[in-house]
Amino acid sequence: MRRVLPVLILILTVAGAAYHFRSTLTVVARQVYGRALPCSQPVTYSLGAIDPKFGISQKDVLSALDSAGRVWDTAAGKSLFSYVPEGGVVTVNLVYDDRQTTTMKLKSLGITISNDKNSYDTVNAEYKKLYAAYISEKSDFDAKNAQLTRDAEAYQAEVERVNARGGATPAEYARLRSEHDAILARQESLKALQDKVNKDADDVNAMVITLNRLAALVNTEASAYNDTAGKNGEEFEEAVFVSAAGHEEINVYEYDSQASLRRVLAHELGHALGLDHVDDAAAIMYRLNQSANAKPTAADIAELKAVCRL
């Protein structure tokens, strides 16, 4: 009887571990099955984290996912995706970072980005105008700030001289009080100008980031922008599909409309099926999300049929 107890403990321990990692083991099993028989059963997905700064509801994300999935369902003639509240093979997250901040800032300036040369030219033209205004405003601010500093120091020196000799006459006091109030008024005015300069610097930086991203995508030289206003631009992806044993997820980092979100999700769901990038620039599975086309092209369908063995 004494030998039974360790065996029971071992069984319970293993069973507990299996229960703890059940969701991971389930995903692994589905991944293996999916690779052996691609598209033979729907890929399940669940929602993960949705950063509230996106300002989008869970309902709207699910609606976008449903529309994105039906793009491929229609092309395949069968259901390829299925939503489950928990434990889906693919977890979909909306991750808010500098990418979305940049997109929203440009959107507030009336600039909508697509990954093509036209967008690069549009942002480049706006950048040059805004940068020229920024340089002019900053020069004006620097000059006024330097003069105010000199005037404030001169005022303080005179106050100290007057106080050192015992105080001001009524006329001197009135004049110094007037100068004091004028300096405070200039400080407030200068603060408003500084806020404007800082805002324009932020807008310039947003354009720098986007210009460098677009430059890398459309093979345009933009190294001159790299250090503008003290920040380096960087290329970024709007979303990414990550796959590892027992873990698959779609992380969406940036979109500027519900239609853009649907198209980004359609692209990443394509990867979840096993689809690779295609060469057609209008295709959903093109490496850049630059087209407004929301339907699979012939290149998309060819890739779908090859992967799903349709």
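Below: a short report on this structure.

How each quantity is defined
Residues numbered from 1 in each chain as written. Predicted model: local features only at pLDDT ≥ 70, side-chain atom pairs only at ≥ 80, totals over all residues. Heavy atoms only, no water. Helix = DSSP H or I, 4+ residues; strand = E, 2+ residues; numbered from the N terminus. Expected span 1.5 Å × (residues − 1). Axes fitted to C-alpha atoms, helices over the stretch in contact; angles between N-to-C directions. Parallel < 35°, antiparallel > 145°, perpendicular 65-115°, else oblique. Contact = heavy atoms within 4.5 Å. Nonpolar A, V, L, I, M, F, W, Y, C, P; charged D, E, K, R; others polar. Buried < 20%, exposed > 50% of the residue type's maximum accessible area, 1.4 Å probe, protein only. Pairing = 2+ DSSP bridges. Lys, Arg positive; Asp, Glu negative; His and termini not counted. Salt bridge = Lys/Arg side-chain N within 4 Å of Asp/Glu carboxyl O. Disulfide = S-S within 2.5 Å. Arc of directions from axis to C-beta. Core = buried A, V, L, I, M, F, W, Y, C linked by side-chain atoms within 4.5 Å.

1. Topic: helix H5 (residues 117-164)
Here H5 is 48 residues long and its end C-alpha atoms lie 68 Å apart, about the 70 Å a rise of 1.5 Å per residue gives. Gly166 sits one or two positions beyond H5 and adopts a positive phi of about 110°.

2. Structural notes on the packing of helix H3 (residues 58-76) against helix H8 (residues 298-308)
Packed helices, taken two at a time, are described by the angle between their axes plus the distance between the axes. Two elements in contact, H3 and H8, have axes separated by 10 Å at closest approach and are oriented at 75°. Considered as vectors, H3 and H8 are oriented roughly perpendicular to each other. Contacts from Trp72, Ala75 and Ala76 of H3 reach H8 at Asp300, Ile301 and Leu304. Residues belonging to the contact of H3 with H8 are distributed by class as follows: 5 nonpolar, no polar and 1 charged.

3. Comments concerning the side chain of Glu303
By secondary structure assignment, the location of Glu303 is in helix H8. Residues in contact with Glu303, not counting those within four places in the same chain, are Gly274, Leu275, Asp276 and Val278.

4. Description of the pairing of strand S5 (residues 247-252)
Looking along a regular strand, one sees the side chains alternate between the two faces of the sheet. Where burial is concerned, most of S5 is hidden: 5 out of the 6 residues are buried. Taken together, the 5 bridges between strand S3 (residues 90-94) and S5 define a ladder with parallel strand orientation. From the neighbouring strand, Val92 faces S5, where its bridge partner is Ile250.

5. Things to note about the side chain of Arg263
Considering the arrangement of structural elements, one finds Arg263 in helix H7 (residues 258-273). Buried and unpaired, Arg263 has no salt bridge, with Asp300 as the nearest side chain of opposite charge at 6.1 Å.

6. Digging into the state of the cysteines
Taken as a whole and judged by the stated rule, the model has 1 disulfide. Each sulfur of the disulfide joining Cys39 and Cys308 lies 1.8 Å from the other. Its S-S torsion of approximately -45° makes the covalent link between Cys39 and Cys308 left-handed. Within this pair, whereas Cys39 is found in the loop between helix H2 (22-36) and strand S1 (43-50), its partner Cys308 is found in helix H8, the two being separated by 269 residues in sequence. Both residues of the pair, Cys39 and Cys308, belong to the buried class.

7. Looking at H8
Those residues of H8 that fall on the buried side of the exposure criterion are Asp300, Glu303, Leu304, Val307 and Cys308. End-on view of H8: buried residues confined to an arc of 110°, all on one side of the axis. H8 presents Ala298 and Ala306 as exposed residues on the side facing more than 90 degrees away from its buried surface. The inward-facing, buried residues of H8 contact H3 and H7. Of the residues trailing H8, Arg309 is marked for its positive phi of about 55°.

8. Quick word on the environment of Gln156
Position of Gln156 among the secondary structure elements: in helix H5. Looking at Gln156, the relative accessible area reads 39%, which means it is partly exposed. Considering only alpha carbons, one finds Gln156 and His180, 24 residues apart in sequence, at a separation of 9.3 Å.

9. What about the nonpolar core?
Among soluble globular proteins, nonpolar side chains are generally buried collectively. Membership of the largest hydrophobic core comes to 41 residues, with the highest contact counts inside it found for Trp72, Val90, Leu265 and Leu273. Secondary-structure elements contributing two or more residues to this core are S1, H3, S3, strand S4 (239-244), S5, H7 and H8. In contact with Val90, other than residues within four places in its own chain, are Val43, Thr44, Tyr45, Ser46, Phe241, Glu248, Glu249, Ile250 and Ala272. In this structure, Leu148, Leu190, Val204 and Leu211 belong to the second largest nonpolar core, which totals 20 residues.

10. Things to note about the pattern of salt bridges
A complete count under the given rule lists 12 salt bridges for this structure. Note that Arg70 and Asp66 form a salt bridge whose closest N and O atoms lie 3.0 Å from each other. One end of the pair is Arg70 and the other is Asp66, both in helix H3 and 4 residues apart, which spans about a single turn. Overall, the relative accessible area of 43% leaves Arg70 in the partly exposed class. Look at Asp66 and you get partly exposed, because its relative accessible area is 37%. With a shortest N-O distance of 3.4 Å, Asp195 and Lys191 are connected by a salt bridge. Here Lys191 and Asp195 lie together in helix H6 (residues 170-218), a separation of 4 residues that amounts to about one turn. In the salt-bridge network here, residues are joined through shared partners; they are Glu158, Arg175 and Glu179.

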